[in-house]
Amino acid sequence: MTIVNAAPAPTTRGWRGVALPAATAAGAVAAVAFVGAVDPNQAGHYPTCPFLAATGYWCPGCGSLRAIHALAHLDVATALARNPFTVLTVVGFAVAFVVWVRRRWLGQPRTYVAPAWLLYSLLAGVLAFWVLRNVPGWTWLSPA
Amino acid sequence: MSDYGTPPPPPPGGGTTPPGGATPPPAPGYNQPMGGGQPPKNYLVWAILSTILCCLPLGVASIVFAAQVNGKWASGDHAGAVASSEKAKKFAIASAVVGLIGGIIYAVFVLPNLDTSGSM
């Protein structure tokens, strides 16, 4: 019996390979432009966070629209004050996007698998952020 | 969030036995990873997006499934990784649907009767 290797998936590379990242970037730019133009600091432009409306406590995402609005106006300090996790996420997504474009351009398969502990750390970080931004004295983490 | 019926990692050197009980043809030598060795998607980007943009509980659960995908893949449990990947995908779709429906409800019912309390 011989070992049958699975045929390598047909790889797209070059301009065809980066079509999907380009579409993603276009969608992200459109979304950020919209949030930058339609101010989330004014009530009525966007729905209130359901968790905040129901409980009165901040969720990890509260302030994310205002943070993105501030980032669209290149105001990093205000963005950090509204939701620091969102700012970190934007940085992380930007790095991941560059890696993704490079891999698609070269037509390489995805081989890197982030260690599970890193993702469980992310989970723990999100849960800790959720609790801490509601603790009195930790308002620097909350949009207030 | 618990594991849903995680199969144990396959023994080293042996083939995985599907839960149905059918005996797979013995793979000589070593385990061939399924799907040509590409790790399954963990949909982590969607998990983070739904955590900060719309659907907090779904997003947090999605992060757990994303971590399961990578953990099971790294430990050699490729079938389990694929199963967790499917769950992560379902949760990503669910958050997108919930977010879309929430936005539509807001636009149809809330915007016309707007008061000026609070913002996201």
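Conventions adopted
Residues numbered from 1 in each chain as written. Chains lettered and ligands numbered in written order. Predicted model: local features only at pLDDT ≥ 70, side-chain atom pairs only at ≥ 80, totals over all residues. Heavy atoms only, no water. Helix = DSSP H or I, 4+ residues; strand = E, 2+ residues; numbered from the N terminus. Buried < 20%, exposed > 50% of the residue type's maximum accessible area, 1.4 Å probe, protein only. Contact = heavy atoms within 4.5 Å. Areas by Shrake-Rupley, 256 points an atom, 1.4 Å probe, with all protein chains shown as cover. UniProt positions renumbered as here; feature names shortened; annotations may be inferred. Axes fitted to C-alpha atoms, helices over the stretch in contact; angles between N-to-C directions. Parallel < 35°, antiparallel > 145°, perpendicular 65-115°, else oblique. Nonpolar A, V, L, I, M, F, W, Y, C, P; charged D, E, K, R; others polar. Disulfide = S-S within 2.5 Å. Core = buried A, V, L, I, M, F, W, Y, C linked by side-chain atoms within 4.5 Å. Expected span 1.5 Å × (residues − 1). Arc of directions from axis to C-beta. Left-handed = near helix turned anticlockwise from the far one by under 90°.

Description of the overall build of chain A
Stage number 1. Helix and strand counts for chain A stand at 7 helices and 0 strands.
Stage number 2. Ordered by position in the sequence, the α and β elements of chain A form the string α-α-α-α-α-α-α.
Stage number 3. Within chain A, the proportion of its 144 residues that are buried is 28%.
Stage number 4. Put simply, of all contacts in chain A between residues at least 6 apart along the chain, 61% involve residues at least 24 apart.
Stage number 5. Taken as a whole, chain A presents about 8,700 Å² of accessible surface, with 72% of it coming from carbon and sulfur.

Some words on unusual backbone geometry
Of all residues except glycine, most have a negative phi; of all peptide bonds, most are trans.
Stage number 1. Backbone geometry at L74 of chain A places phi at a positive 60°, although glycine is not the residue there.
Stage number 2. Among the structural elements, L74 of chain A can be located in the loop between α4 (64-72) and α5 (76-82).
Stage number 3. On the basis of relative accessibility, which here comes to 77%, the residue L74 of chain A falls in the exposed class.
Stage number 4. A positive phi angle is found at Y43 of chain B, which is not glycine, with a value near 55°.

Focus on the side chain of T86 of chain A
Stage number 1. Note that T86 of chain A resides in helix α6 (residues 84-106).
Stage number 2. For T86 of chain A, a relative accessible area of 1% corresponds to the buried category.
Stage number 3. Beyond its immediate stretch of four places on either side in the chain, T86 of chain A contacts S64, A67 and I68 of chain A together with I52 of chain B.

Brief notes about the UniProt feature "transmembrane region" (unreviewed entry) in chain B
Residue and element names in this part refer to chain B.
Stage number 1. The sites that UniProt annotates as "transmembrane region" (unreviewed entry) are residues 43-70 and 91-111.
Stage number 2. Between the first and last C-alpha atoms of residues 43-70 the distance is 11 Å; the span itself is 89% helix and 0% strand.
Stage number 3. Structurally, residues 91-111 is divided into 95% helix and 0% strand, and its ends, taken at the C-alpha atoms, are 28 Å apart.

Some details on the packing of helix α2 (residues 19-37) of chain A against α6 of chain A
Residues and elements named next belong to chain A.
Stage number 1. Relative to each other, α2 and α6 sit at 150°, their axes nearing to 9 Å. Comparing their axes, α6 and α2 come out roughly antiparallel. Between α2 and α6, the residues in contact are L20, P21, T24 and A25 and F97, W100, V101 and R104, respectively.
Stage number 2. In terms of residue class, the contact of α2 with α6 is made up of 6 nonpolar, 1 polar and 1 charged.

Focus on the state of the cysteines
All names here are of chain A.
Stage number 1. Inspection of the entire model under this criterion finds 0 disulfides over all chains.
Stage number 2. Looking at the unpaired C49, the closest cysteine sulfur is the one in C62, lying at 3.6 Å.
Stage number 3. A residue is classified by how much of its surface remains accessible, and C49, at 5% relative accessible area, is buried.
Stage number 4. With no disulfide of its own, C59 has C49 as its nearest cysteine by sulfur position, at a separation of 3.7 Å.

Quick look at the nonpolar core
Stage number 1. C49, C59, C62, F85 and L123 of chain A together with I63 of chain B are the most contacted members of the largest nonpolar core, which has 15 residues in total.
Stage number 2. Elements supplying a minimum of two residues to this core: α7 (116-132) of chain A together with α1 (44-53) and α2 (56-74) of chain B.
Stage number 3. Top element by residues in this core is α2 of chain B. It accounts for 4 residues.
Stage number 4. Ignoring any residue separated from it by four or fewer positions in sequence, one finds I63 of chain B in contact with L119, L122, L123 and V126 of chain A together with A47 and T51 of chain B.
Stage number 5. Counting residues in hydrophobic clusters, the runner-up holds 5 residues, among them L119 of chain A together with L44, I48 and A66 of chain B.

With respect to α2 of chain A
An α-helix turns once per 3.6 residues; consequently, residues spaced three or four apart project the same way.
Residue and element names in this part refer to chain A.
Stage number 1. Taking 1.5 Å of rise per residue, the 19 residues of α2 would be expected to cover 27 Å, and the 27 Å separating its terminal C-alpha atoms lies within 8% of that figure.
Stage number 2. Buried within α2 we find P21, V35 and G36. Angularly, the buried residues of α2 cover 100° about the axis, an arc narrow enough to put them on a single face.
Stage number 3. Where α2 is buried, its residues touch α1 (14-17), α4 and α6.

What about the packing of α6 of chain A against α1 of chain B?
Stage number 1. Viewed as axis vectors pointing N to C, α6 of chain A and α1 of chain B meet at an angle of 155°, and their least axial separation amounts to 11 Å. Taken together, the axes of α6 of chain A and α1 of chain B are roughly antiparallel relative to one another. The interaxial crossing formed by α6 of chain A with α1 of chain B has left-handed handedness. Touching F85, T86, T89 and F93 of chain A of α6 of chain A are V45, I48, L49 and I52 of chain B, all from α1 of chain B.
Stage number 2. Grouping the amino acids of the contact of α6 of chain A with α1 of chain B by side-chain chemistry returns 6 nonpolar, 2 polar and no charged.

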